[in-house]
Amino acid sequence: NAGVMQNPRHLVRRRGQEARLRCSPMKGHSHVYWYRQLPEEGLKFMVYLQKENIIDESGMPKERFSAEFPKEGPSILRIQQVVRGDSAAYFCASSRDSNSPLHFGNGTRLTVT
Amino acid sequence: AQKVTQAQTEISVVEKEDVTLDCVYETRDTTYYLFWYKQPPSGELVFLIRRNSFDEQNEISGRYSWNFQKSTSSFNFTITASQVVDSAVYFCALSEWNAGNMLTFGGGTRLMVKP
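None of the values given here were measured: they were computed from a predicted structure.

A. A look at the interface of chain A and chain B. Listed by partner, the interface residues are 22 residues for chain A and 18 residues for chain B. Roughly 1600 Å² is buried in total at the junction of chain A and chain B, and carbon and sulfur atoms are behind 51% of that figure. A per-residue breakdown of the area chain A buries against chain B is headed by Leu-43, Asn-99 and Phe-104 of chain A, which together make up 31% of the total. Inspection of the chain A/chain B interface yields nine residue pairs in polar contact (both at pLDDT 80 or more). For the side of chain A that touches chain B, the secondary structure elements donating two or more residues are β4 (31-37), β5 (43-50) and β9 (88-95) of chain A. Of the residues contributing to the side of chain A that touches chain B, the split by class is nine nonpolar, seven polar and six charged.

B. How the structure looks around the nonpolar core. Residues and elements named next belong to chain B. Among the nonpolar cores identified, the biggest contains 24 residues, and Trp-36, Trp-66, Phe-77, Tyr-90 and Leu-111 are the most heavily contacted of them. Going through the elements one at a time, β2 (10-14), β3 (19-21), β5 (32-39), β6 (46-52), β8 (64-69), β9 (74-79), β10 (88-96) and β12 (109-114) are the ones with two or more residues in this core. The biggest single contributor to this core is β10, with four residues. Excluding residues within four positions of it along the chain, Leu-111 makes contact with Ile-11, Val-13, Val-19, Ile-79, Asp-86, Ser-87, Ala-88 and Tyr-90.

C. The arrangement of the sheet that holds strand β7 (residues 65-68) of chain A in detail. All names here are of chain A. Here we have four strands laid out as an open sheet, ordered β1-β3-β8-β7, and antiparallel in their pairing. In this open sheet, the two strands that pair with only one neighbour each are β1 (5-7) and β7. Direction aside, neighbouring strands of the sheet carry axes that sit 15 degrees apart on average. With three bridges joining them, β1 and strand β3 (residues 19-24) adopt antiparallel strand pairing. The residue of β3 that forms the bridge with Asn-7 is Arg-22.

D. Spatial organisation of the side chain of Ser-82 of chain B. Residues and elements named next belong to chain B. Secondary-structure assignment places Ser-82 in the loop between β9 and β10. With relative accessibility at 1%, the residue Ser-82 sits in the buried group. With residues up to four places along the chain from it excluded, the contact list for Ser-82 reads Val-13, Val-14, Glu-15, Lys-16, Glu-17, Arg-63 and Val-113.

E. Structural view of unusual backbone geometry. Of the consecutive residues Asn-7 of chain A and Pro-8 of chain A, the connecting peptide bond is found in the cis state with omega at 0 degrees. Its place among the elements puts Pro-8 of chain A in the loop between β1 and β2 (10-13). For Ser-73 of chain B, which is not glycine, the phi dihedral falls at a positive 50 degrees. Looking at the element boundaries, Ser-73 of chain B is found in the loop between β8 and β9. On the basis of relative accessible area, Ser-73 of chain B is assigned to the partly exposed category, the value being 25%. In this model, Ala-81 of chain B sits at a positive phi of 50 degrees, which is unusual for a non-glycine residue. Here Ala-81 of chain B shows up in the loop between β9 and β10.

Rules used in this analysis
- Residues numbered from 1 in each chain as written.
- Chains lettered and ligands numbered in written order.
- Predicted model: local features only at pLDDT ≥ 70, side-chain atom pairs only at ≥ 80, totals over all residues.
- Heavy atoms only, no water.
- Contact = heavy atoms within 4.5 Å.
- Buried area = accessible area lost by both parts, 1.4 Å probe.
- Polar contact = N/O pair within 3.5 Å; in protein donor to acceptor, adjacent residues only side chain to side chain.
- Helix = DSSP H or I, 4+ residues; strand = E, 2+ residues; numbered from the N terminus.
- Nonpolar A, V, L, I, M, F, W, Y, C, P; charged D, E, K, R; others polar.
- Core = buried A, V, L, I, M, F, W, Y, C linked by side-chain atoms within 4.5 Å.
- Buried < 20%, exposed > 50% of the residue type's maximum accessible area, 1.4 Å probe, protein only.
- Pairing = 2+ DSSP bridges.
- Axes fitted to C-alpha atoms, helices over the stretch in contact; angles between N-to-C directions.

Listed below in structure tokens is the structure:
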């Protein structure tokens, strides 16, 4: 029973490029959450999605960041025109419903040069 | 607004010592969940415990134990007879009852267990 799968594990982008981070939830999980961990800090909630719907995006920066969870395929966190401050570990987590325990992926470490 | 404070940024102990990681939280909700996660050097997040605010019983799981004190808004974590493999960053987190898995995390405590 595979856990939450995130890819790539490491991603390097130059300033101004786009970054796409993918997350496949655990089997049977339809709730997906993205969190960001800046260097030497705790995790910060970004966005909560269910299939084809954004439920809560109160933690997402207003510009350049977007997320989707289509009917088929993984959830995607997209960062346009990356800047150095976007360098962080991005964690995806999934749950069966909004009150079931969260299962985290191993994260994608984004480095912007 | 919710807030989780882990005042200890780094703790260093020698193997076999007991160590307690502190967690203090703030919330206006009367019902909520509290969590602890472990982040080893490899970087993944490992779920340790979830406790709801109705249940103030202390919990023990092997060498791990948790002390939930609603009166002081604390949810402390103790590792008994620490081992080198316990070296990691430990995060405490909180979520509102109806916010499900939108967690507010503390800043983490880095635990170093020396042989």
